[in-house]
Amino acid sequence: MKVMVISGTSRGIGKYLSQYYLKRNFIVCGCARANSSITHKNYRHFCLDISDEKAVVSMIKKIQKEFKHIDILLNNAGIASMNHILLTPLKSVENIFNVNFKGTFLLLREVAKVMSLTSKKMQNPHFRIVNFATVATPLRLQGESIYAASKAAIVNFSQIASYELAPFGITINCIGPTPIKTDLIKGVDDKKMNSLINTQAIKRYGEFSDISNTIDFFIDEKSDFITGQCIYLGGING
């Protein structure tokens, strides 16, 4: 059975992806600051802050000890804050970059260590990492400068990391979801959301299935020639 690590699994996209891949007979190891809301024999939950290096290292060691390998990492966890630049506290900047970029980096680094060690024992390794970007970056959304910047850093990081990790049979790609009706956007007024959706070629809210469909493509073993890419959903050009 394939072992998948997903961050931010207590709700929203992360919870959906956990349940989706559990139904497809994956072992899913999830993490979040909150307690688990998933009960399944093949699900393991870790309560932690993904920007805490010691906690991340400990979690990945426990997963490696139990399952011996990790096949897929979905770096889903992220936070956002809608603020004009002049009204943005430094603490908000630090929090957003700690979770979105630092957390993504730590999970990728530690999981990639396990993958690289495993690859030495395999003739044709297939390891997959999918990081989460956002359409806020190519759309240059006002009020989301810090959030968009943190995700832009993830895209650039992923592109460079894809070169460094390719020799181990690891591909790294990004998905940039359009707005999906989750807690992340519930504080944004409808007028602003409709304005955003009207910039898309396909003018509707995203759905959870749009996310899983794209991830299915990235993690398929036949996709081993695809790395360093970012797909923005909804017909938005990066």
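Residues numbered from 1 in each chain as written. Predicted model: local features only at pLDDT ≥ 70, side-chain atom pairs only at ≥ 80, totals over all residues. Heavy atoms only, no water.

Draft legend 1. Layout of the nonpolar core. Of all hydrophobic cores here, the largest spans 31 residues; its most connected members are C29, M59, I60, I63, I70 and I170. Those elements that provide at least two residues to this core are β1 (3-7), β2 (27-32), α2 (53-67), α3 (90-119), β5 (127-132), α4 (145-165) and β6 (170-176). For this core, the leading source of residues is α3, giving 8 residues. Within the second largest apolar cluster, 21 residues are counted, among which are M4, Y21, L74 and I180. (Core = buried A, V, L, I, M, F, W, Y, C linked by side-chain atoms within 4.5 Å. Buried < 20%, exposed > 50% of the residue type's maximum accessible area, 1.4 Å probe, protein only. Helix = DSSP H or I, 4+ residues; strand = E, 2+ residues; numbered from the N terminus.)

Draft legend 2. Here's a closer look at a nonpolar patch on the surface. Taken together, I85, L86 and L87 make up a surface patch of nonpolar side chains, about 390 Å² in accessible area. Here I85 lies in the loop between β4 (72-75) and α3. In this structure I85 comes out as exposed when scored by relative accessible area, which is 60%. (Patch = residues over 30% accessible without salt bridge, like charges linked within 9 Å, V, L, I, M, F, W, Y side chains within 5 Å. Areas by Shrake-Rupley, 256 points an atom, 1.4 Å probe, with all protein chains shown as cover. Salt bridge = Lys/Arg side-chain N within 4 Å of Asp/Glu carboxyl O.)

Draft legend 3. The arrangement of the environment of A201 in detail. Its location among the elements puts A201 in the loop between α5 (190-197) and α6 (208-219). Between the C-alpha atom of A201 and that of V56, which follows or precedes it by 145 residues, the distance is 38 Å. The residues contacting A201, other than those within four sequence positions of it, are G234 and G235. (Contact = heavy atoms within 4.5 Å.)

Draft legend 4. How the structure looks around α6. The end-to-end C-alpha separation of α6 is 17 Å, in line with the 16 Å expected for 12 residues at 1.5 Å each. Within α6, burial applies to I211, S212, T214, I215, D216, F218 and I219. Buried residues along α6 sit in contact with β1, α1 (12-23), β4, β5, β6 and β7 (230-232). (Expected span 1.5 Å × (residues − 1).)

Draft legend 5. The packing of aromatic side chains, seen in detail. Using the criterion set out here, one finds 7 aromatic pairs in the structure. Ring geometry for Y16 against Y20: centres 5.8 Å apart, planes inclined by 25 degrees, an arrangement best described as stacked. Here Y16 pairs with Y20, and both are found in helix α1, just 4 residues apart, close to one helical turn. Aromatic pair F105 and F157: ring centres 6.0 Å apart, planes at 70 degrees, arrangement edge-to-face. Of this pair, F105 sits in helix α3 while F157 sits in helix α4, and the two are 52 residues apart along the sequence. Chaining the aromatic ring pairs together yields one cluster made of Y16, Y20, Y21, F26 and F208. For K181, the ring lying beneath its charged end belongs to Y205, and the centroid distance is 4.7 Å. (Phe/Tyr/Trp six-rings, centres within 6.5 Å; stacked < 30°, edge-to-face > 60°. Lys NZ or Arg CZ within 6 Å of the ring centre and 35° of its normal.)

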